[in-house]
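Summary of the model geometry
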Protein chains: 2
Amino acid sequence: MELVAGNLGRRNFLQTGLGGAIISLSSCSSPGTGRRSESARPPKPGFPSFREVVDLTHTYSNRFTHWAGGTAKVELETLSSTSRGDGWNVTRWTIDEHAGTHIDSPFHRNPDGLTVDRIPARDLVLPLAIVDIRAKATESPDAQLTLEDLKLWEAENGPLPDRGCVAMLSGWDARVEKPGFINFDDEGVRHFPGFHVDAANFLLEERNVLSMAVDTASLDYGPTTDFPVHTSWLGGGRWGIENVANLAELPPKGATLVCGAPKIEGATGGHSRILALV
Amino acid sequence: MELVAGNLGRRNFLQTGLGGAIISLSSCSSPGTGRRSESARPPKPGFPSFREVVDLTHTYSNRFTHWAGGTAKVELETLSSTSRGDGWNVTRWTIDEHAGTHIDSPFHRNPDGLTVDRIPARDLVLPLAIVDIRAKATESPDAQLTLEDLKLWEAENGPLPDRGCVAMLSGWDARVEKPGFINFDDEGVRHFPGFHVDAANFLLEERNVLSMAVDTASLDYGPTTDFPVHTSWLGGGRWGIENVANLAELPPKGATLVCGAPKIEGATGGHSRILALV
């Protein structure tokens, strides 16, 4: 917790407006201030037109592999059912918050960070940059997305998009619901790709990136013991998406990510419908 | 149930592709067929560029008024908490599926309809038409959005958008979490606006509309006893969104609605993040 609190001070927390009072989440039209006055609005970047929708969301069920081992709790209690003669089908869910395709709010790791319902809606729609590390992830399940990978991406594609999302494409979504997804070894150590903390800190300090996304179960790579990426990134007021699917169907730049984050009061993250517009 | 099944036969169910096998939800690039072949794709309409995001979602909590009376069950069980010295904040949710801002899948009323996880992602992004009935909703809480209202909208704005969402703006979102939202009278009858079944059937039979949305607790207006709009609309393979917020911030046409529907296997609907791009 001290480490988390320490990070809050040195990151550009206020710059993104996450540290300020969220006056009107409902309008979400004035990122960075929460104010509605036309004159106070910063210049707004436009989002491009699009023709396709790509679903970046895995179906969530009690077969979904949980990071902690085993499978997620996903229970649908039947309250009403046409199969038993009722006029309606209605259930009540009991579901694990941090499994399946889901968002990590800043509060997941950072006691002073925003809960998921308080992330401004405007921040949930972002230009998407996809960094493809499939080649090295095939060679080693402990591959990390490094600062060098980001610089190579920028050399090929130009600067990482302002107020964007940077996604790691490792190819790991093909392993979902299989033992190789969390990939425990005989000593109980996990082996799957994730962001390197130097890459996360570059995005936090040198670029104006709001979100990161991974097609594995964690922003930090499997073998970590201290979770420096979660600590730094969520501590810096940013948020992440884990267990995304189908990134390989998208171009490295030009798509828009929509994070259908739950607006459940006090939640630390949770099941989210993630769509890409391209 | 017989009425629901009967509707399945006479509606243009196959036309929307909801009756066909959903081969690849992940690509979601070929509405109406589920096939991926380039040559088989129908002409794809483009979506316009946008600059703003408007949040159409109410915050969901155990204060949210339930249609059935009382409030919704929204419980967050703490599994891990920084306030008690853990390194993480993690909860497990138990939540009512049909309260808060949520989607009704076809299966909610129609035993042969799609569960929410099987609605093609491509259908969750739609051009939005907003029909403003605030004037008559102020005069009577039993106001309905009628066929005449749709025809007046078209006279002013042109044809309702193909594969779109038609939303009812009654102004009822201002009443959320207050007794006037469900608005029971002394006899236990509800009083709030909704769609008239003739309007729903017009959208189903004469226009290619995929979704309807209301800023009240039900597609059917409060006093109904037989729910003809749910029966016809969900029976026809369409879906709806209830308890939306902030429609008054949007133009009558030109916005794009993104329905962040849950992708939870077998769910009949549920809490959804609804965003408008404009």
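Read on for a plain summary of the structure. As the structure is a prediction and not an experimental result, all values here were calculated from the model.

**Points about the interface of chain B and chain A**
- On the chain A side, the residues contacting the 65 residues of chain B number 65 residues.
- Of all the secondary-structure elements, those providing two or more residues to the side of chain B that touches chain A are strand S1 (53–55), strand S2 (74–80), strand S3 (90–96), strand S11 (255–260), strand S12 (269–271) and strand S13 (273–277) of chain B.
- When residues of the side of chain B that touches chain A are assigned to their parent elements, the largest contribution, seven residues, is made by S3(B).
- For the side of chain B that touches chain A, the class distribution of residues is 28 nonpolar, 22 polar and 15 charged.

**Overview of the relation of the copies chain B and chain A**
- Placing chain B over chain A gives an RMSD of 0.0 Å and needs a rotation angle of 180 degrees, together with 0.0 Å of translation along the axis. One copy is carried onto the other by what is essentially a two-fold rotation axis.
- Interface overlap between copies is the fraction of interface residues in one copy that are interface residues in the other; for chain B against chain A it reaches 100%, indicating a shared surface.

**Things to note about the sheet that holds strand S13 (residues 273–277) of chain A**
All names here are of chain A.
- Taken in spatial order, the nine strands line up as S1-S13-S11-S5-S7-S9-S10-S4-S12 in an open sheet, and their pairing is mixed. Two strands in the sheet have a free side with no partner beyond their single neighbour: strand S1 (53–55) and strand S12 (269–271). Taking the axes of each pair of neighbouring strands and ignoring which way they run, one obtains an average angle of 25 degrees across the sheet.

**Some remarks on the pairing of S13(B)**
Residue and element names in this part refer to chain B.
- Of all the five residues making up S13, five are buried; the element is thus mostly covered by neighbouring parts of the structure.
- Covered by surrounding structure in S13 are Arg 273, Leu 275 and Leu 277 together with Ile 274 and Ala 276, the residues of both alternating faces.
- Pairing geometry for S1 and S13, over three bridges, is antiparallel. In the sheet register, Val 53 faces S13, and the bridge partner there is Leu 277.
- As judged from the five bridges shared by S11 and S13, these two strands associate in the antiparallel manner. Across the sheet, residue Gly 260 finds its bridge partner in S13, namely Arg 273.

Definitions and limits used
- Residues numbered from 1 in each chain as written.
- Chains lettered and ligands numbered in written order.
- Predicted model: local features only at pLDDT ≥ 70, side-chain atom pairs only at ≥ 80, totals over all residues.
- Contact = placed C-beta atoms within 7 Å.
- Helix = DSSP H or I, 4+ residues; strand = E, 2+ residues; numbered from the N terminus.
- Nonpolar A, V, L, I, M, F, W, Y, C, P; charged D, E, K, R; others polar.
- Least-squares fit on C-alpha atoms with pLDDT ≥ 70 in both.
- Pairing = 2+ DSSP bridges.
- Axes fitted to C-alpha atoms, helices over the stretch in contact; angles between N-to-C directions.
- Buried ≥ 20, exposed ≤ 12 C-beta atoms within 10 Å, placed from the backbone.

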